[in-house]
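Structural overview
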Amino acid sequence: MSFFRLIRLPNLLIVALVQCLLYFRLLLPAFQQNDIAPRLNTSEFICLVLATVFTTACGYILNDLYDGEMDMVNRKDKGGHQCSH
């Protein structure tokens, strides 16, 4: 479970979903309407999405490794200074 928190699984799913929606619901219909052949076939596009998701996950891991100490300090600061609006 902590691994999925480390890589921020919900964020990765959003990244993949947005890419797929843009490609299949916006770009491909526009290509078809204008008789343009897409550069990527479906399997190549899936590879692109996976590469993006894996790169993003690695970025999240590196961020936690290098900024973990600073994040802990900032969380402590936010806990004591909450507004009561």
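Please refer to the structure placed before this passage.
A short tour of the structure in this document, coming up. What you see is a predicted model, and the numbers here were worked out from it, not measured in a lab.

As a further point, take the nonpolar core. Among the nonpolar cores identified, the biggest contains nine residues, and these are Ile7, Leu12, Ala16, Tyr23, Leu28, Phe45, Val49, Val53 and Ala57. For this core, the secondary structure elements donating two or more residues are helix H2 (9–33) and helix H3 (42–80). Those residues in contact with Val53 that lie beyond four places of it in its chain are Leu12 and Ala16.

Let us look at the packing of aromatic side chains. This structure, assessed with the given rule, holds four aromatic pairs. A centroid spacing of 5.1 Å and a plane angle of 80° characterise the contact between Tyr23 and Phe24, whose relative ring orientation is edge-to-face. Through a chain of ring-to-ring contacts, three or more aromatic side chains come together here, namely Tyr23, Phe24 and Phe45.

Further remarks concern the pattern of salt bridges. As a working rule, side chains carrying opposite charge can pair if their charged atoms are close by. Following the criterion strictly, the structure yields one salt bridge and no others. Among the ionic pairs, Arg8 bridges to Asp64, the shortest N-O distance being 2.9 Å. With Arg8 in the loop between helix H1 (2–6) and H2 and Asp64 in helix H3, this pair connects stretches of sequence that are 56 residues apart. For Arg8, a relative accessible area of 23% corresponds to the partly exposed category.

The next point concerns the layout of surface pockets. The volume enclosed by the largest pocket comes to roughly 220 Å³. Considering the residues around the largest pocket, the lining is formed by Ser2, Arg5, Leu6, Arg8, Asp64, Gly68, Asp71, Met72 and Arg75. Secondary-structure elements contributing two or more residues to the lining of the largest pocket are H1 and H3. Looking at the lining of the largest pocket, the element that brings in the most residues is H3, giving five residues. Among the residues forming the lining of the largest pocket, the class breakdown is two nonpolar, two polar and five charged.

Conventions adopted
- Residues numbered from 1 in each chain as written.
- Predicted model: local features only at pLDDT ≥ 70, side-chain atom pairs only at ≥ 80, totals over all residues.
- Heavy atoms only, no water.
- Core = buried A, V, L, I, M, F, W, Y, C linked by side-chain atoms within 4.5 Å.
- Buried < 20%, exposed > 50% of the residue type's maximum accessible area, 1.4 Å probe, protein only.
- Helix = DSSP H or I, 4+ residues; strand = E, 2+ residues; numbered from the N terminus.
- Contact = heavy atoms within 4.5 Å.
- Phe/Tyr/Trp six-rings, centres within 6.5 Å; stacked < 30°, edge-to-face > 60°.
- Salt bridge = Lys/Arg side-chain N within 4 Å of Asp/Glu carboxyl O.
- 1 Å grid on protein atoms, 1.4 Å probe; cavity = no way out; pocket = protein on both sides within 12 Å on 5 of 7 lines; lining within 4 Å.
- Points joined across faces, edges and corners; volume = space filled by probe spheres on them.
- Nonpolar A, V, L, I, M, F, W, Y, C, P; charged D, E, K, R; others polar.

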